[in-house]
Amino acid sequence: MYAQMVQTDATHVRKLDEMSPEERAFQERIDRGEKIEPKEWMPDAYRKTLIRQIGQHAHSEIVGQLPEGNWITRAPTLERKAILLAKVQDEAGHGLYLYCAAETLGVSRDELTELLHSGKMKYSSIFNYPTLTWADIGAVGWLVDGAAIMNQVPLQRTSYGPYARAMIRICKEESFHQRQGYDIMMKMAQGTPEQKAMAQDALNRFWGPALMMFGPSDKESVHSAQSMAWKIKINSNDELRQKFVDQTVPQAKYLGLTVPDETLRWNEEKGGHDFAEPDWSEFFEVLAGNGPCNRERLSARVKAWEDGAWFREGLVAHSEKVAARRAAPRAAAE
Ligand code: FAQ
């Protein structure tokens, strides 16, 4: 798995004097804050970088349904079940908006699916961890959706129009998701000692993986510099990670839970927390396909795709029949 990266040729930031007149005019549009729209000229590497990022993002939404879907049949009340079901359906919708945004760049959804299934395209590392208890569903909503929002709110201002517009709706829904997660955590943290211990255990297991969602440290991030110059990314990985920690630490305190980091301290001078880096060797192992659930997640997606083939074929056959009937109404009536 992940044997090969989708090459974007965008790891080196080109200076203005290395650019063609077309590229320079494009960069100036970006610098002025203009949105780039699908049919407009764009450098090939900009297009490929967007396909890589939007495609990975779409795959994350779809694979991200699996850890939570696992708990729909076991949610503790009917109300919790209905809420979780709606959330998991929202993630499918996010995947669809994002696949549509990627399609405007000239790649089909089938091609992206094939890249995911063959392990050539990534999805977020976080979804390779298991959800062992109901408290994990709270932790996913609180921390995973919390990290996703932190990353995605700035992406509403990203330079590519269809991606920025998809983000606006996604962020509204993610905010709701995060609140439902926090609400589960609150209930658990204020419950019996056993429930509080489950909430603490979920925080202990999801804290590090949530920090990894923002990507490697800035010095290890191969794409950040060029992506930020093109405003595909608005903030660096470390900036967003810092903001996430600063936002989440008081929330944990309010829950009466302890962030599993003995080095965590408020640093008055920088106006933020000092905190321990997550275990980057674990992160790179997960990216290499060796996380706790990588194989299970990918095989679930491949199985769903294969099991749904008859349905997709039925839809195509039906639409061909309707088109043929429209083209020759009299012949079809006979
Ligand atoms: N997992 O040079 P950078 C969600 C890869 S949505 C896996 O820093 P970049 C909703 C990266 O692709 C969560 N791979 O890369 C939800 C690159 O590899 P490549 C998804 C990662 O792109 C909630 C290499 O490492 N969100 O959770 C990760 O500039 C609950 C070098 O890294 C998005 O996709 C990772 N964590 O920055 C759903 C947001 N981090 O491609 C269900 C949009 C890095 O060269 C339930 N994406 N890599 O082979 C982004 O903002 C960026 O792509 C980053 C990575 C920040 C993720």
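Every value quoted in this text rests on a predicted model; they were computed, and no experiment measured them.

Right, let's talk about a nonpolar patch on the surface for a bit. Together, W310, F311 and L315 line one region of the surface with nonpolar side chains, adding up to about 390 Å² of accessible area. Tracing the backbone shows F311 in helix α13 (residues 309–327).

With respect to the helices and strands, M213 occurs in the loop between α8 (193–212) and α9 (224–229). Given the relative accessible area of 21%, M213 is considered partly exposed. Spatially, the C-alpha atoms of M213 and F284 are 12 Å apart, while their sequence positions differ by 71 residues. Residues within four places of M213 in sequence aside, it is in contact with S124, I126, V144, A147 and A148.

The next thing to look at is the side chain of E173. Among the secondary structure elements, E173 is positioned in helix α7 (residues 161–189). If we ignore the near neighbours within four places in the chain, the residues touching E173 are D90, H94 and Y97.

Here the protein averages 94 in pLDDT, and 95% of its residues register 70 or above. With pLDDT under 50 throughout, residues 1–6 is counted as low confidence; its partners more than four residues away or in other chains account for 24 contacts.

Thresholds applied
Residues numbered from 1 in each chain as written. Predicted model: local features only at pLDDT ≥ 70, side-chain atom pairs only at ≥ 80, totals over all residues. Heavy atoms only, no water. Patch = residues over 30% accessible without salt bridge, like charges linked within 9 Å, V, L, I, M, F, W, Y side chains within 5 Å. Areas by Shrake-Rupley, 256 points an atom, 1.4 Å probe, with all protein chains shown as cover. Salt bridge = Lys/Arg side-chain N within 4 Å of Asp/Glu carboxyl O. Helix = DSSP H or I, 4+ residues; strand = E, 2+ residues; numbered from the N terminus. Buried < 20%, exposed > 50% of the residue type's maximum accessible area, 1.4 Å probe, protein only. Contact = heavy atoms within 4.5 Å. pLDDT = per-residue confidence, 0-100.

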